[in-house]
Amino acid sequence: MAFGLIHALQAQGMPQKQIVEALALARKISLAEAQHYYDQVVQATSGGEH
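Here is a short report on the structure shown in this document. (Residues numbered from 1 in each chain as written. Predicted model: local features only at pLDDT ≥ 70, side-chain atom pairs only at ≥ 80, totals over all residues. Heavy atoms only, no water.)

## Here we look at the nonpolar core
So the rule is basically this: In this text, buried Ala, Val, Leu, Ile, Met, Phe, Trp, Tyr and Cys residues form a nonpolar core when linked through side-chain atoms within 4.5 Å. When a residue's accessible area, from a 1.4 Å probe over protein chains only, is under 20% of the maximum for its type it is buried; when over 50% it is exposed; and in between it is partly exposed. Elements are defined by DSSP. Helices are runs of H or I of four residues or more, strands are runs of E of two residues or more, and each kind is numbered from the N terminus. Only heavy atoms matter for contacts: two residues are in contact if any of them lie within 4.5 Å across the pair.
Core analysis: the biggest nonpolar cluster contains 11 residues, these being Ala2, Ile6, Leu9, Ile19, Val20, Leu23, Ala24, Ile29, Ala34, Tyr38 and Val41. For this core, the secondary structure elements donating two or more residues are helix H1 (2-11), helix H2 (16-27) and helix H3 (31-45). Take this core: its biggest share by element is 4 residues, from H2. Residues within four places of Ala24 in sequence aside, it is in contact with Ile29, Ser30, Leu31 and Ala34.

Okay, structure coming up:
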């Protein structure tokens, strides 16, 4: 799942821009879709809306 990849890259200290680009390549999706996934993960892990 994309969320696991995002968490792993965040744990390594990778910047957001590079995480989004890596996710887009890995999942064969657009940068906009990758950014959407990234935003969902960040919101979920920071105690965002439920």
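Continuing now.
## Some points on the packing of aromatic side chains
Convention followed: Between 30 and 60 degrees the pair is tilted, below 30 it is stacked and above 60 it is edge-to-face, where a pair is any two Phe, Tyr or Trp rings, Trp via its six-membered ring, whose centres lie within 6.5 Å.
Within the structure shown, the criterion is met by 1 aromatic pair. For the pair Phe3 and Tyr37, a centre-to-centre distance of 6.3 Å together with 75° between the ring planes defines the contact as edge-to-face. Taken together, the residues Phe3 in helix H1 and Tyr37 in helix H3 connect sequence positions 34 residues apart. Looking at Tyr37, the relative accessible area reads 30%, which means it is partly exposed.

## Here's the deal with the pattern of salt bridges
Put simply, the rule is: One speaks of a salt bridge when a side-chain nitrogen belonging to Lys or Arg is within 4 Å of a carboxyl oxygen belonging to Asp or Glu.
Going through the model one piece at a time under the given rule, you end up with 1 salt bridge. Note that Glu21 is salt-bridged to Lys17, the shortest N-O span being 2.9 Å. Highlighted residues: Glu21 and Lys17, both in helix H2, separated by 4 residues, approximately one helical turn. By relative accessible area, Glu21 is classed as partly exposed at 31%. On the basis of relative accessibility, which here comes to 59%, the residue Lys17 falls in the exposed class.

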